[in-house]
Amino acid sequence: MRTPPTPLHPPDFHPTRLILDVPTRTLGFHKIESKTTVYMSLRNLSSPPLVALAGISTMAGLPALDAILSGTSLAILKFINTGAFALNVGAVSVPGRLDGQQDDEMRKGELNPSKPNSNETASGVYGKNRSRTLVDPSGWAFAIWGPIYLGETAFIATQLLSSHADAVLPGITAPFAAANIMQSLWCASFRPSYLGGGMKKYISASMLAGTAYSLSLVLEAGNAAAAANPAFQAWMLTPFVMHFGWVSAATLVNLNGSLASDETASPRALTALGHSSALVATVLGIGVTMTMSAPAYGLTLAWALAACASGMKKRKPAHSENDEKILGAAANVQHKLCFAGSLACGATALYTALL
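Along each chain, residues carry numbers from 1 onward, in the same order as the chain's sequence is written. pLDDT decides what is reported in this predicted model: residues at 70 or higher carry local features, side-chain atom pairs at 80 or more are listed and counted, and totals for whole chains, interfaces and linings draw on all residues regardless. As a convention, hydrogens and water are excluded, and side-chain values are obtained from all of the structure's heavy atoms.

Observations regarding the overall build of the protein
As a reminder, the rule being used: In this text, helices come from DSSP runs of H or I with a minimum length of four residues, and strands from runs of E with a minimum of two, each type numbered from the N-terminal end. Burial classes follow relative accessibility: with a 1.4 Å probe on protein chains only, a residue under 20% of its type's maximum area counts as buried, one over 50% as exposed, and anything between as partly exposed. A contact between two residues is defined here by any heavy atoms of the two lying within 4.5 Å. The accessible surface values rely on the Shrake-Rupley method and a 1.4 Å probe; as for residues, cover is taken only from the protein chains in view.
When helices and strands are counted, the protein shows 11 helices and four strands. Taking all 355 residues of the protein together, 45% fall into the buried category. Look at the contacts in the protein between residues 6 or more apart in sequence, and 75% of them connect residues 24 or more apart. Summed over its atoms, the accessible surface of the protein is roughly 18,000 Å², and 67% of this surface lies on carbon and sulfur atoms.

See the structure below:
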């Protein structure tokens, strides 16, 4: 009987490890063992210190990158935009993020407040966070990612296949690349291992804040290009403005969720952060819309705040009865704040569009 072939992978093979087998040989007086296995875990690439350092480096290097790319050929700029966007799309597709687990649990009905023990979900601590945070948008809010990514894909195709976007590329390429890098880093940090105590729980919110700041520079450069080149059609940047608005709101959502993941955080601290976040989102929606002539930003914040108002009507009670006494009352106030903020942002966007 023939001996079965050796399996392609050893029994202890793990897909996130790179295994290098070094054959027996002698180098000088140093003998390498017959089989040396070197493990390189890809999980290390998602370590909090490394992700935080990458984010800080990206933001710190943005001005220099912008200065370098301002005199670069259009072909290189188009290549950078395409590569950065591809990086983002690839990072978003990697499973294991908290919002991916939430989506799976919602599909299975495990996050249904009417079901007993629905807080005890597969993602553990994250399920409990949802009953403590006051900034928790309804699931329909995330449908906005569809038009954002479709619009940005259309822009990438347009800049590759025509000259319609040439006027704006020197100004937007550096911040657009930074935004995609920062969102990719958010994908690496918005995971269960980052929750709990310590400062690492705030890394994901920081990455989103960097994404929002970078996209604000894209909008600023787009407005400047439109003013200098009447032929440039500023509506082409609408997906970036929507992206800017959505990650502005998502930063606040992440920040509140991060605090809620800390079991030592008091209900009053969660209430204060939740209410202030609703006010900040409203101020941003009105202020940015008017100062940067960006109705799409105001409409996106209106969408996000409406979803947060809806989320407060569907929230699950907190595990602790004492916590729920405070958070339950705060949720009613939060619903009103978010609803009013949504109306204010929507009205401002409409007013700005009609000017």
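Continuing now.
Points about the packing of helix α9 (residues 267-291) against helix α10 (residues 295-313)
As a reminder of what qualifies: Structural elements are reduced to axes, namely lines fitted to C-alpha atoms, with helices fitted over the stretch in contact, and the angle between N-to-C directions of any two is expressed from 0 to 180 degrees. Throughout, the term roughly parallel applies to angles under 35 degrees, roughly antiparallel to angles over 145, roughly perpendicular to angles from 65 to 115, and oblique to all others. Here a crossing is called left-handed whenever its near helix is offset anticlockwise from the far helix by less than a right angle, and right-handed whenever the offset is clockwise. Each residue receives one of three labels: charged for Asp, Glu, Lys and Arg, nonpolar for Ala, Val, Leu, Ile, Met, Phe, Trp, Tyr, Cys and Pro, and polar for the others, Gly being one of them.
Direction vectors running N to C along α9 and α10 enclose 160°, while the axes themselves pass 7 Å from each other. Of the possible angle classes, the one that applies to α9 and α10 is roughly antiparallel. Here the hand of the crossing between α9 and α10 comes out left-handed. Taking contact as the criterion, the partners of Ala-278, Ala-281, Thr-282, Leu-284, Gly-285, Val-288 and Thr-289 in α9 are, on α10, Pro-295, Tyr-297, Gly-298, Leu-301 and Leu-305. Looking at the contact of α9 with α10 residue by residue, the classes come out as eight nonpolar, four polar and no charged.

Quick look at α9
Our working rule: In a helix, the anticipated span is given by 1.5 Å times the number of residues less one.
Compared with the 36 Å implied by 1.5 Å per residue over 25 residues, the 36 Å span of α9 between its first and last C-alpha is a close match. Where α9 ends, the next residue or the one after it, Ser-293, has phi of about 50°, a positive value.

A word on the nonpolar core
Selection rule: Residue types Ala, Val, Leu, Ile, Met, Phe, Trp, Tyr and Cys, when buried and joined through side-chain atoms within 4.5 Å, form a set referred to as a nonpolar core.
Formed by 67 residues in total, the largest nonpolar core has its most connected members in Val-51, Phe-155, Val-168, Ile-172, Met-207, Phe-244 and Tyr-297. Sort the elements by how many residues they give to this core and helix α6 (residues 169-189) lands first, with 11 residues. Counting seven residues, the second largest nonpolar core, distinct from the first, contains Leu-259, Ala-260, Ala-318 and Leu-327.

So, the packing of aromatic side chains
Under the convention used in this document: Pairing of aromatic rings covers Phe, Tyr and the six-membered ring of Trp, with a centre-to-centre limit of 6.5 Å; geometry is then stacked below 30 degrees between planes, edge-to-face above 60, and tilted otherwise.
Taken as a whole and assessed by the stated rule, the structure comprises eight aromatic pairs. Centroid distance Phe-85 to Tyr-149: 6.1 Å. Interplanar angle 40°. Geometry classified as tilted. With Phe-85 in helix α2 (residues 74-92) and Tyr-149 in helix α5 (residues 145-161), this residue pair connects regions lying 64 residues apart in the sequence. Residue Phe-85 shares its accessibility class with Tyr-149, and that shared class is buried.

What to know about the packing of α5 against α6
Interaxial distance between α5 and α6 falls to 14 Å at its minimum, and their mutual angle equals 140°. Relative to α6, α5 is oriented oblique. The two elements α5 and α6 meet at a crossing, and its hand is left-handed. Taken together, the residues of α6 that come into contact with α5 (itself represented by Trp-145, Tyr-149, Phe-155, Ile-156 and Gln-159) are Leu-169, Ile-172, Phe-176 and Gln-183. Residues belonging to the contact of α5 with α6 are distributed by class as follows: seven nonpolar, two polar and no charged.

Topic: the pattern of salt bridges
What counts, and what does not: One side-chain nitrogen of Lys or Arg within 4 Å of one carboxyl oxygen of Asp or Glu is enough to make a salt bridge.
Within the structure shown, the criterion is met by five salt bridges. Notably, a salt bridge pairs Asp-262 with Lys-201, separated by 3.7 Å at the nearest N-O pair. Here the residue Asp-262 occupies a position in the loop between α8 (238-260) and α9, and Lys-201 occupies one in the loop between α6 and α7 (203-228), the gap between them amounting to 61 residues. Taking the relative accessible area as the measure of exposure, Asp-262 reaches 17% and is therefore buried. Judged by its relative accessible area of 5%, Lys-201 is buried. For the salt bridge of Glu-324 with Arg-315, the shortest nitrogen-to-oxygen distance reads 2.9 Å.

Digging into the side chain of Ser-189
Its location among the elements puts Ser-189 in helix α6. When residues no more than four places from it in sequence are discounted, the contact partners of Ser-189 are Val-51, Tyr-194, Ile-203, Ser-204 and Met-207.

Quick look at α10
Over its 19 residues, α10 extends 28 Å from the first C-alpha to the last, a length consistent with the 27 Å expected when each residue adds 1.5 Å. Burial analysis of α10 places 14 of its 19 residues in the buried class, the great majority of the element.

A closer look at the side chain of Ser-216
The test is simple: Definition of a polar contact: a pair of N or O atoms within 3.5 Å, with one able to donate and the other able to accept a hydrogen when the atoms are protein atoms, and with sequence-neighbouring residues admitted only if both atoms are side-chain atoms.
Its location among the elements puts Ser-216 in helix α7. Within the local environment of Ser-216, its side chain forms a polar contact with the backbone oxygen of Tyr-213, the two atoms lying 2.5 Å apart. The contact partners of Ser-216, leaving out residues within four places of it in the chain, are Phe-244 and Met-292.

With respect to the environment of Leu-355
Mapped onto the elements of the fold, Leu-355 is located in the segment after α11 (321-354). In this structure Leu-355 comes out as exposed when scored by relative accessible area, which is 72%. When the C-alpha positions of Leu-355 and Ser-293 are compared, they lie 9.4 Å apart, and in sequence the two are 62 residues distant.

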